[in-house]
Amino acid sequence: MSAGFILVVPTVEKNRGGGHLSRGASLVRSLRGAGREAFLFLPEYSGETIGELNPRKLQAAGLLEIAGSDGESWILQGASQDPRYSRESQNHWDFIILDKWRTDLWEAASWAALAPLIGIDEGGAYRDKFDFLIDLLPPLPKKGFNPPNISAPSLIPLPSNRRPSFRKEGGGLLQAGPFRVLISFGAEDTAGLTSQTVMALGRQARPGELEITVIAPGLPEDKVRTLKEFSKGTLVQGTGIAVLNGMPNLREHLAEYDLLITHFGLSAFEALHARLPVCLVSPGPYHEALARNAGFFSAGTGPAAAGHIGQFFFSGKKGRGLNTEFLNTLAADSEKVAARYGLDAAPRNLGELLAAFVPPSRTCPACGAPFFVRDKNHEIPIRVSDRTYRRCTHCGMTYMLRFCPPVIEYGTEYFFDFYRKQYGKTYLEDFPNLVEAGKKRLAVINRLIKRGRQPGRRLLDIGCAYGPFLSAARDGGFSPQGIDPAAEAVRYVREELGIPANESVFPDLSLESPENTGTFAVVSLWYVIEHFEDLRWVLVEINRLLAMQGVLAFSTPSLGGISGKKSLAAFLEKSPPDHRTVWNPAICRRLLARYGFRLKKIRVTGHHPERFFPGKAPRVPLWNFLLLISRLFGLGDTFECYAVKVRSLW
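Given the structure is predicted, the values throughout are model-derived calculations rather than measurements.

### What to know about the pattern of salt bridges
Taken as a whole, this structure holds 24 salt bridges when the rule is applied. Across the pair glutamate 640 and arginine 441 runs a salt bridge whose closest N-O atoms are separated by 3.0 Å. Residue glutamate 640 is found in strand β24 (residues 638-645), and its partner arginine 441 is found in helix α13 (residues 431-452); the two are separated by 199 residues along the sequence. With relative accessibility at 3%, the residue glutamate 640 sits in the buried group.

The structure is reproduced here in structure tokens:
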């Protein structure tokens, strides 16, 4: 198989319903429609599986809804086509998407060996190990479960056919003709809710009042016969009952009905988008808790609740007709749930979202240590909408996995508009202050140079921007030069400041010549080091350029500051999208030693007493006290690091 493929693996175990399987097939079609080569894998289990994994039987039941000119060519099935054991398919998957309900450690590890893992509605103990998490259906709040990257029922495949509103014309649900009820409890209905619900409604309906359609692909033949016989009996009094084994593309038919009775799952949310009122009956306590948490109305749990559902829908005794007050309340409640989850707006497409993803590196950018699912101490501190942050247990670095990297250009807009929004002035307006800050940094550097008796005064500033530090270095007796990807900034440094600078991204080809090896006294990176996707080669190249006892100096945001300590989630949420690594002063000594440097000084900066109590402006005495506390305990939100080269790597 060629590179760039995506694999979708749904659960097909018996008693898990057909929603995962149907959703997996729909996702594959959507990915392929967006131009990605995607496949559906149906593994074999020692226990029973839905439909015995027979694609034609599944198609007849309306589970796969297989369509397209390639027919079933995108379905991989059984041990012979298992990508984990096929040499041809290994190392060619961009992503593996698991819709498994609960993935155990062994299975997660076996898939993670092939590619980054995206989990959908994952509720297993290793939920937090996934590289990216999507909750399409609202989960139960559970201790120890971090929020997903994305929580959005609006990403499930939603119907394009929709009713004008949750109510009929005139504000009510009822109109001339029978009230059309759709009953569907999934592919299996192991709790036996279907029969009880149909009979409870049929017994109390008036002649011609209800028209019931039952979708029951997994209903045993004896139950089907019972329902059909019941539909002909006198108890139903003219109620029409249609029992169907399946309905291809069911969601597009939802708008044809007046009410859906189901359990918590995909169909309930599809119906909300179709503006169809929903009543739930839960097969067990877990589904009931999910229903209540999401805001749905539920008639209760189990066959007993299904058997008494008529008490809600009818006005008292038999023959009094449907309870319009309850039905209108149900419509209003359904409308609120739809608004709560964004189902009243235009749907988003999960396939199109995932088709734009690019596989991130799962090795630590600072030390190169790989991530293993079985490494219980390898942490994922937090997830935000488009990225995941993971902490490497080998070196301590917190780094970002970005699946849809934004295009960021470090041009004029970055230094003017972006800088003004953050600091209230443009970069050039702040130039004098930046020069003064550079002089303070050079004072630390000069002490280290004298202490180490380091010869030469060549200084390289990586990410020099418009050159304030270069200007301060020249005034301090150094021979400076800069590197920056912003063309206008480099032009300014060359023409306005008269200092050599290259328009480039470090490592720079112009510096790779042997004559530059070991000739720099200083290499600096001021709020630049966090931008590199692979720090290893950056630090190796800096080691090569520096003379022995040469100084590496950089500044960066700090996880160890007051903002990171108060709320790691909020700190990382606000972290700029181009910050690949998030540093902590505590990791610098050991990490830099890997690359031949000895840490000499950490200078904590960015002290903000107002961040101790956000939203409040402390009075002067309290401000001064908090500032003292921040300095004493190193709680600034940025820091500067100074190290010297003590060992060559080349």
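### Things to note about the confidence of the model for the protein chain
A residue-level look at the protein chain finds 84% of positions with pLDDT of 70 or above and a mean pLDDT of 84. When the criterion is pLDDT under 50, residues 49-53 qualifies, and its contacts beyond four places in sequence or with other chains add up to 18 contacts. Confidence drops under a pLDDT of 50 for residues 169-174, and excluding neighbours within four residues, the segment shows 18 contacts in the predicted structure.

### A few points about the packing of aromatic side chains
The tally for this structure, following the rule as stated, stands at 24 aromatic pairs. Ring geometry for phenylalanine 5 versus phenylalanine 39: centroids 5.6 Å apart, planes at 45 degrees, classification tilted. Of this pair, phenylalanine 5 sits in strand β1 (residues 5-10) while phenylalanine 39 sits in strand β2 (residues 38-42), placing them 34 residues apart in sequence. Over the aromatic face of tryptophan 101 sits the side chain of arginine 102, whose NZ or CZ is 4.4 Å from the ring centroid. For the cation-ring pair, arginine 441 lies above tryptophan 526, with the distance from its terminal atom to the ring centre recorded as 4.2 Å.

### Focus: the pairing of strand β12 (residues 278-282)
Counting buried positions over the 5 residues of β12 gives 5, a clear majority of the element. Relative to β12, strand β11 (residues 259-262) runs parallel, the two sharing 3 bridges. Bridge pairing in β12 places threonine 262 opposite leucine 280. With helix α6 (residues 266-273) bridging β11 and the parallel β12, this β-α-β connection has right-handed handedness. Strand direction decides the pairing type here: β12 and strand β13 (residues 298-301), joined by 2 bridges, are parallel. Across the sheet, the residue bridging to leucine 280 is serine 298, located in β13. With respect to chirality, the unit in which β12 leads through helix α7 (residues 285-294) into the neighbouring parallel β13 is right-handed.

### Regarding helix α14 (residues 468-475)
Counting buried residues along α14, 6 of its 8 residues qualify, which places the element largely inside the surrounding structure. Positive phi shows up at glycine 477, right after α14, with a value of about 95 degrees.

### Remarks on the pairing of β1
As a general feature of sheets, a regular strand has side chains that alternate between the two faces. The buried fraction of β1 is high, at 6 of 6 residues. The alternating pattern of β1 places Phe5, Leu7 and Val9 on one face and Ile6, Val8 and Pro10 on the opposite face, and all of these are buried. Pairing between β1 and strand β4 (residues 93-99): 6 bridges, direction parallel. Within the sheet, the bridge partner assigned to valine 8 lies in β4 and is isoleucine 97.

### A closer look at unusual backbone geometry
Backbone geometry follows two general trends: most residues other than glycine have a negative phi, and most peptide bonds adopt the trans configuration. Along the chain, phenylalanine 506 connects to proline 507 via a cis peptide bond; the corresponding omega equals 0 degrees. Assignment of secondary structure puts proline 507 in the loop between β19 (501-503) and β20 (520-526). Although it is not a glycine, asparagine 249 adopts a positive phi angle of roughly 55 degrees. In this fold, asparagine 249 is placed in the loop between β10 (240-244) and β11. Accessibility expressed as a relative area gives 32% for asparagine 249, which makes it partly exposed. One non-glycine residue, glutamine 549, lies in positive phi territory at about 70 degrees.

### A closer look at helix α16 (residues 535-545)
In terms of residue burial, α16 counts as a mostly covered element, since 8 of its 11 residues are buried. Residues Leu535, Val538, Leu539, Glu541, Ile542, Asn543, Arg544 and Leu545 constitute the buried set of α16. Of the surrounding elements, those touching the buried residues of α16 are β17 (458-462), β20, β21 (546-557), β22 (581-582), β23 (597-605) and β24.

### Examining the sheet that holds strand β6 (residues 132-135)
Strand-to-strand pairing in sheets goes through backbone hydrogen bonds, with the strands running parallel or antiparallel. Read across the open sheet, the 7 strands follow the order β3-β2-β1-β4-β5-β6-β7; overall the sheet is parallel. The outermost strands of the open sheet, each flanked by one partner alone, are β3 (75-77) and β7 (150-151). Summarising the sheet, β6 and β7 pair through 2 bridges and their orientation is parallel. Residue pairing in the sheet places isoleucine 134 in a bridge with isoleucine 150 of β7. Each of β1, β2, β4 and β5 (117-120) touches helix α1 (residues 19-33); the most contacted strand, β2, lies at about 160 degrees to it. Set on the sheet, helix α3 (residues 105-112) makes contact with β1, β2, β4 and β5; between it and β5 the angle comes to about 135 degrees.

### Focus: the state of the cysteines
For the structure shown, the criterion picks out 0 disulfides. Counting only cysteine sulfurs, cysteine 364 is the nearest neighbor of cysteine 395, a cysteine outside any disulfide, at a range of 3.6 Å. Classification of cysteine 395 as buried rests on a relative accessible area of 2%. Of all cysteine sulfurs in the structure, the one in cysteine 641 sits closest to cysteine 588, which takes part in no disulfide; the separation is 4.2 Å. The class for cysteine 588 is buried, based on a relative accessible area of 0%.

### What to know about the sheet that holds strand β8 (residues 179-184)
Taken in spatial order, the 6 strands of this open sheet run β10-β9-β8-β11-β12-β13, and their pairing is parallel. At either end of the open sheet lies a strand with only one pairing partner, and these are β10 and β13. When the angles between neighbouring strand axes are averaged without regard to direction, this sheet yields 15 degrees. As defined by bridge partners, β8 adjoins strand β9 (residues 210-215) across 6 bridges and the pair is classed as parallel. Opposite valine 181, over in β9, you have isoleucine 212 as the bridge partner. On the sheet, α6 packs against β11 and β12 and is oriented at approximately 165 degrees with respect to β11.

### Observations regarding the side chain of aspartate 508
Structurally, aspartate 508 is set in the loop between β19 and β20. One buried charged residue, aspartate 508, remains without a salt bridge, the closest side chain of opposite sign being arginine 494 at 8.6 Å. Side-chain polar atoms of aspartate 508 contact the side chain of asparagine 502, separated by 3.1 Å. Contacts of aspartate 508, omitting those with residues within four sequence positions, involve Ile483 and Asn502.

### A closer look at a nonpolar patch on the surface
There is a patch of nonpolar side chains on the surface, built from Phe613, Leu622 and Phe625 and spanning about 290 Å² of accessible area. Here phenylalanine 625 lies in helix α20 (residues 620-632). Exposure remark for phenylalanine 625: the relative accessible area of 48% places this residue in the partly exposed category.

### What to know about the environment of glutamine 77
Here glutamine 77 is to be found in strand β3. Taking the C-alpha atoms as reference, glutamine 77 lies 4.8 Å from leucine 42; in sequence the two are 35 residues apart.

Reading guide: rules and limits
Residues numbered from 1 in each chain as written. Predicted model: local features only at pLDDT ≥ 70, side-chain atom pairs only at ≥ 80, totals over all residues. Heavy atoms only, no water. Salt bridge = Lys/Arg side-chain N within 4 Å of Asp/Glu carboxyl O. Helix = DSSP H or I, 4+ residues; strand = E, 2+ residues; numbered from the N terminus. Buried < 20%, exposed > 50% of the residue type's maximum accessible area, 1.4 Å probe, protein only. pLDDT = per-residue confidence, 0-100. Contact = heavy atoms within 4.5 Å. Phe/Tyr/Trp six-rings, centres within 6.5 Å; stacked < 30°, edge-to-face > 60°. Lys NZ or Arg CZ within 6 Å of the ring centre and 35° of its normal. Pairing = 2+ DSSP bridges. Right-handed = clockwise from strand over helix to strand, strands pointing away. Axes fitted to C-alpha atoms, helices over the stretch in contact; angles between N-to-C directions. Disulfide = S-S within 2.5 Å. Lys, Arg positive; Asp, Glu negative; His and termini not counted. Polar contact = N/O pair within 3.5 Å; in protein donor to acceptor, adjacent residues only side chain to side chain. Patch = residues over 30% accessible without salt bridge, like charges linked within 9 Å, V, L, I, M, F, W, Y side chains within 5 Å. Areas by Shrake-Rupley, 256 points an atom, 1.4 Å probe, with all protein chains shown as cover.

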